[in-house]
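Overview (structure and organization)
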Amino acid sequence: MADRYQQLIETPPGRFVSKQFGLPQPVRLRRYEPGQPLLEGPALLGGDGALLGPVRDTLTAAREEAHEKFKEGQKYSALVFDASGISSTEELAQVYEFFHPTIREVKSNGRVLVLGRPPASLRE
């Protein structure tokens with residue numbers, strides 16, 4: 001079922017009223033449909049956990065472009081950080097270091113993923 005607010009905003013009277021009251025204008029989200037590419041541009045991969053290789057392999061198999069080095073000015077359809085190798089709170093700085101310079105480079109309708117392990121697997 002479609003979002004009723006979004007349906008209302010897409011009508012001329014709804015658009016007029018929403019602008020008069022300063023209501024937010026929702027962005028229509030891109031949804032995957034068979035036959036479409038998974039992404040509308042390259043993905044940026046980061047982290048050094050065990051999940052990074054399978055993610056890279058999956059993107060390569062789907063013929064999607066994946067970068068592991070941030071390029072200034074490049075817009076990305078996805079930022080994927082593999083945090084499965086993080087085992088202490090001090091190491092969480094890696095997540096910040098990855099996303100801080102890159103988060104503004106995510107395209108509209110882009111995806112941001114942080115992959116990790118279940119918390120129960122971290123207990124000793």
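A brief structural summary. In this numbering scheme, every chain counts its residues from 1 along its sequence in written order. Local features in this predicted model are restricted to residues of pLDDT 70 or higher, and side-chain atom pairs are both shown and tallied only at a pLDDT of 80 or more, whereas totals for entire chains, interfaces and linings draw on every residue. Note that water and hydrogens are dropped before the side-chain values are worked out from all heavy atoms of the structure.

1. Overview of the layout of surface pockets
To keep things clear, this is the line we draw: Cavity and pocket criteria rest on a 1 Å grid covering protein atoms alone: a 1.4 Å probe that fits but cannot get out defines a cavity, protein on both sides within 12 Å along at least 5 of 7 lines defines an open pocket, and an atom within 4 Å of a point defines a lining residue. Grid points are joined across faces, edges and corners, and a volume is the space filled by probe spheres set on the points. Elements are defined by DSSP. Helices are runs of H or I of four residues or more, strands are runs of E of two residues or more, and each kind is numbered from the N terminus. Side-chain classes follow a simple rule in which Ala, Val, Leu, Ile, Met, Phe, Trp, Tyr, Cys and Pro form the nonpolar group, Asp, Glu, Lys and Arg form the charged group, and the remainder, Gly included, forms the polar group.
In this structure, the largest pocket encloses a volume near 320 Å³. In terms of lining, the largest pocket is formed by 18 residues, of which the most central are Leu38, Leu39, Leu59, Ala78 and Arg111. When residues in the lining of the largest pocket are grouped by element, the largest group, six residues, is from strand β4 (residues 106-115). Looking at side-chain class alone, the lining of the largest pocket contains nine nonpolar, five polar and four charged residues.

2. As for the environment of Val27
Using the following cut-off: Each residue gets one of three labels from its accessible area relative to the maximum for its type: buried under 20%, exposed over 50%, partly exposed in between, using a 1.4 Å probe on protein chains only.
Within the secondary structure layout, Val27 lies in the loop between α2 (12-21) and β1 (43-47). Classification of Val27 by relative accessible area gives exposed; the value is 51%. Taking the C-alpha atoms as reference points, Val27 and Lys69, separated by 42 residues in sequence, lie 29 Å from one another.

3. A short note on the packing of aromatic side chains
Heads up, the rule is: Pairing of aromatic rings covers Phe, Tyr and the six-membered ring of Trp, with a centre-to-centre limit of 6.5 Å; geometry is then stacked below 30 degrees between planes, edge-to-face above 60, and tilted otherwise.
One pass over the full model with this rule turns up four aromatic pairs. Between Phe70 and Tyr76 the ring centres are 6.3 Å apart and the planes differ by 35°, which places this aromatic pair in the tilted class. Given a relative accessible area of 30%, Phe70 falls into the partly exposed group. On the basis of relative accessibility, which here comes to 0%, the residue Tyr76 falls in the buried class. Ring geometry for Phe81 against Phe98: centres 5.3 Å apart, planes inclined by 45°, an arrangement best described as tilted. Here Phe81 is found in strand β3 (residues 76-82), whereas its partner Phe98 is found in helix α4 (residues 93-102), with 17 residues between them in sequence. For Phe98, a relative accessible area of 12% corresponds to the buried category. Feature note: the residues Phe81, Phe98 and Phe99 constitute an aromatic cluster, connected by ring pairs.

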